[in-house]
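Architecture at a glance
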Amino acid sequence: DAGVIQSPRHEVTEMGQEVTLRCKPISGHDYLFWYRQTMMRGLELLIYFNNNVPIDDSGMPEDRFSAKMPNASFSTLKIQPSEPRDSAVYFCASKAGRFGNTQYFGPGTRLTVL
Amino acid sequence: GDSVTQMEGPVTLSEEAFLTINCTYTATGYPSLFWYVQYPGEGLQLLLKATKADDKGSNKGFEATYRKETTSFHLEKGSVQVSDSAVYFCALSRSGANSKLTFGKGITLSVRP
């Protein structure tokens, strides 16, 4: 069974450009999470969805960030315009059900904004 | 709010040494507790979990016991291997509508041959 799939694995872009990160959750999972990992701030939850609906986006740093989940098998995280301080590893995770259930993480997208 | 506190790192051990990584938490109610591991260049993987007080999670020789009286979930392994070198994250998930994980800062473990 395929795990969580993220693309691209690496992205290098210039400041001001639009960046789109993609995620395919595990089939049948009804929760999807986007995280950002940096040395300074550790692992931060940006936003999560339940049944394709955003539930908590309080971790989204600012209006430059947006996330969508048009269907149960696909989500995007968009940064427009990108800034050097957005450089980080972005993880997507999914899980089935609510309390106590395991989140499964994708391999991450390493974003570098020059 | 919820929080997870892990001991400061990094930790460097020799192969076959005993490992303890401390984790304490603050949360209302009865959270589930997790240890995740991140190997270099990879995403996080669940190592073990416990969903109620006094439960012991175990996997790959690692163990952690959910101690409600001390709000702790310390990770232990009797004999570490070089392949255990990774970053270890303690996390909690609270019941109710809030379904997200709250992570500790993580600790890097390096095991030398």
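Refer to the structure above for everything that follows.
Reading guide: rules and limits
- Residues numbered from 1 in each chain as written.
- Chains lettered and ligands numbered in written order.
- Predicted model: local features only at pLDDT ≥ 70, side-chain atom pairs only at ≥ 80, totals over all residues.
- Heavy atoms only, no water.
- Contact = heavy atoms within 4.5 Å.
- Buried area = accessible area lost by both parts, 1.4 Å probe.
- Salt bridge = Lys/Arg side-chain N within 4 Å of Asp/Glu carboxyl O.
- Polar contact = N/O pair within 3.5 Å; in protein donor to acceptor, adjacent residues only side chain to side chain.
- Nonpolar A, V, L, I, M, F, W, Y, C, P; charged D, E, K, R; others polar.
- Core = buried A, V, L, I, M, F, W, Y, C linked by side-chain atoms within 4.5 Å.
- Buried < 20%, exposed > 50% of the residue type's maximum accessible area, 1.4 Å probe, protein only.
- Helix = DSSP H or I, 4+ residues; strand = E, 2+ residues; numbered from the N terminus.
- Pairing = 2+ DSSP bridges.
- Axes fitted to C-alpha atoms, helices over the stretch in contact; angles between N-to-C directions.
- Disulfide = S-S within 2.5 Å.

1. Concerning the interface of chain A and chain B
In this assembly, 22 residues from chain A lie in contact with 24 residues from chain B. Contact between chain A and chain B buries roughly 1,700 Å² in total, counting both sides, with carbon and sulfur atoms accounting for 52%. Counting every contact that joins chain A to chain B gives zero salt bridges. Run the count over chain A and chain B and you get two residue pairs in polar contact (both at pLDDT 80 or more). When the residues that make up the side of chain A that touches chain B are grouped by side-chain class, the tally is 10 nonpolar, eight polar and four charged.

2. Some points on the nonpolar core
Burial of nonpolar side chains together is a common tendency in soluble globular proteins. Grouped together as the largest cluster of nonpolar side chains are 27 residues, with contacts concentrated most on Trp35, Leu47, Leu48, Phe73, Leu75 and Tyr88 of chain B. Among the secondary structure elements, those contributing two or more residues to this core are strand 2 (11-14), strand 3 (19-21), strand 4 (23-26), strand 5 (32-38), strand 6 (44-50), strand 8 (62-65), strand 10 (86-93) and strand 12 (107-112) of chain B. With four residues, the single largest contributor to this core is strand 10 of chain B. Counting residues in hydrophobic clusters, the runner-up holds 21 residues, among them Val4, Phe49, Ala67 and Val113 of chain A.

3. Some words on the sheet that holds strand 9 (residues 75-77) of chain B
Residues and elements named next belong to chain B. A sheet is described by the order of its strands in space; here four strands give the open sequence 3-9-8-7, paired in antiparallel fashion. The sheet is open, and its two borders are formed by strand 3 and strand 7 (56-59), each paired with just one other strand. Pairs of neighbouring strands in the sheet enclose a mean axial angle of 15°, with direction left out of account. Alignment of strand 3 against strand 9, held across three bridges, turns out to be antiparallel. For Ile21, the partnering residue across the bridge sits in strand 9 and is Leu75.

4. Considering the sheet that holds strand 1 (residues 5-7) of chain A
Backbone-to-backbone hydrogen bonds pair the strands of a sheet. The strands run either parallel or antiparallel. All names here are of chain A. Read across the open sheet, the four strands follow the order 1-3-8-7; overall the sheet is antiparallel. Strands at the two margins of the open sheet, each flanked by one partner only, are strand 1 and strand 7 (65-71). Direction aside, the axes of adjacent strands within the sheet are offset by 15° on average. Alignment of strand 3 (residues 19-24) against strand 8 (residues 74-79), held across five bridges, turns out to be antiparallel. Bridge pairing in strand 8 places Cys23 opposite Ser75.

5. As for the state of the cysteines
In a disulfide, the sulfur atoms of two cysteines are covalently bonded to one another. For the coordinates displayed, the defined rule picks out two disulfides over all chains. Covalent S-S linkage joins Cys23 of chain A and Cys92 of chain A, the inter-sulfur distance amounting to 1.9 Å. Between Cys23 of chain A and Cys92 of chain A, the S-S torsion sits near -70°, and that sign places the bridge as left-handed. Highlighted residues: Cys23 of chain A in strand 3 and Cys92 of chain A in strand 9 (residues 88-95), separated in sequence by 69 residues. At a sulfur-sulfur separation of 1.9 Å, the disulfide partner of Cys23 of chain B is Cys90 of chain B.

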